[in-house]
Amino acid sequence: MKIIVVGAGFAGLMTIKTLRRRGYQGSIVLLAPLAEMFYYPASIWVPAGLYQRHDLNFPLDHFIQHYRVEYVAGSITGLDVVTKRLYTTAGAMDYERLVIATGGESARNLPGIAHVFLPCEGYRSLLAITERLALLQGGTLAFGFSGNENDPAAIRGEPLFEFLFGIDTLLRRQKRRDNFHLVFFTSCPELDARWGIREKGYLRRELARRGIQSCVGQRIDGFGEDQVILDGCELKSDLTIFIPELVGPAWAKQSSLPLSENGFIRADASCRVSGLEGSVYVAGDAGHYPLPAWVPKHGHTADLQAQVLVKNLIGDRQGEQTQYTFHQEFVYIVDTLDGGILVYRDSKRSIALRSRLFHWAKRLFIWSYLFDYRRANNGRGVIKK
Ligand SMILES: Cc1cc2nc3c(=O)[nH]c(=O)nc-3n(C[C@H](O)[C@H](O)[C@H](O)COP(=O)(O)OP(=O)(O)OC[C@H]3O[C@@H](n4cnc5c(N)ncnc54)[C@H](O)[C@@H]3O)c2cc1C
């Protein structure tokens, strides 16, 4: 049997690892534009100089060899689910089972978005933030994210807070915090509710404690060269870091896949694509699953989904009607450079704890997560000119 996995991020690579670990011996084809993995969670430490490109970008040569994968360099452009054929920039490919793990995309619908720094757009944008910050003597730094009420899971609030709190700490360490005014803005009305923090006003208090102005629940009208426009009012900004809401992968519009309003691929909680059970699966940010709004599109969720997907795929292959679903949980350390806030939520519990140790806990977790990738490359990732 031939399984094609599309995408070399959290979900795609975890699918491949789990298939082999569960004893699948057949053919696995990995289709992705590059044989590299970019590890976003550690990118929050680039502005502080803790991590560089080679700490985030890992070549997959060893992975491909170790897990006996046939790698095809290319991008999926369309899909015919009737003939089980996918169209790619490297030509057409036929599959027996298809795993879609191409992630989501940042919405770019706001006017003037070209004027802001988007930290979720790869290393180049992270470097640009770092360089701009180093050049500034003072001024206003604006940090924001947008959400979509149709799809509350499709936002990246936590990483934005990590850039905000991390840069606040960095400026204090550099003894130049007094030269800067920090502003946080979001169109989302209620911050704590999303994290499930029972203690009302937790985040607002954290922002106030750090002397950060907050503009919560304000419509984001767009951006100018040195401004953010909120509810029609201009907010001057010398550096704007913005994380837009996520939308589904653009290529999926050219397919006959069932899509949510925001373009994500509809699937059930077992990660089988609706109407295509037994042949097409999706894991990670590319999918739309029947889940509570607080289960976010995160790497941790993508990993859990990939593991469950494989169990169900193997079940389908053996003719069993397995219905494995993943544990619905939200676990995240919001790093602040000088510590962290551990946020945990599931159907019963919701916890937010702050400790200096959580910065080190996050670094330790990331170090161990990346251990295999790093070891395979003599301790480093890839540096490309
Ligand atoms: C700054 C930042 C910090 C974050 N921190 C955390 C954190 O601390 N913890 C956490 O759990 N999550 C975190 N996340 C979220 C996490 O990175 C994502 O949820 C995760 O990467 C989603 O995994 P994925 O496999 O679905 O997609 P991705 O990791 O985005 O991978 C998608 C893959 O598909 C490939 N691809 C794209 N289009 C195509 C195509 N047309 N054809 C073929 N291949 C394609 C890409 O090249 C890539 O290899 C963070 C995100 C950001 C931006």
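Residues numbered from 1 in each chain as written. Predicted model: local features only at pLDDT ≥ 70, side-chain atom pairs only at ≥ 80, totals over all residues.

S.K.: Describe unusual backbone geometry, naming the residues involved and giving the relevant values.
M.R.: Phi at K175 takes a positive value of approximately 60°, unusual for a residue other than glycine. With respect to the helices, strands and loops of the structure, K175 is situated in the loop between helix 5 (157–173) and strand 12 (180–186). Classification of K175 by C-beta neighbours within 10 Å gives exposed; the count is 8. (Helix = DSSP H or I, 4+ residues; strand = E, 2+ residues; numbered from the N terminus. Buried ≥ 20, exposed ≤ 12 C-beta atoms within 10 Å, placed from the backbone.)

S.K.: Just give me the short version of the sheet that holds strand 5 (residues 70–73), but keep the residues and values in it.
M.R.: The strand order across the open sheet formed by five strands is 5-2-1-9-20, and the pairing between neighbours is parallel. This sheet does not close on itself; its edge strands, each paired only once, are strand 5 and strand 20 (280–282). The average angle at which neighbouring strand axes cross in this sheet is 20°, direction not considered. Where strand 2 (residues 27–32) lies against strand 5, four bridges are found, and the strand directions are parallel. Each residue of the ladder has a partner; that of V29, found in strand 5, is E70. (Pairing = 2+ DSSP bridges. Axes fitted to C-alpha atoms, helices over the stretch in contact; angles between N-to-C directions.)

S.K.: Which residues make up the domain arrangement of the chain, and what are the values?
M.R.: Each assigned domain of the chain is listed here: domain 1 (2–33 + 74–104 + 248–317) and domain 2 (110–245). Each of domain 1 and domain 2 has a C-alpha centre, and these two points are 32 Å apart. Taken together, the contact pairs 10 residues of domain 1 with eight residues of domain 2. Here the residues of the side of domain 1 that touches domain 2 are counted per class, giving five nonpolar, three polar and two charged. (Domains from an automatic or database assignment. Contact = placed C-beta atoms within 7 Å. Nonpolar A, V, L, I, M, F, W, Y, C, P; charged D, E, K, R; others polar.)

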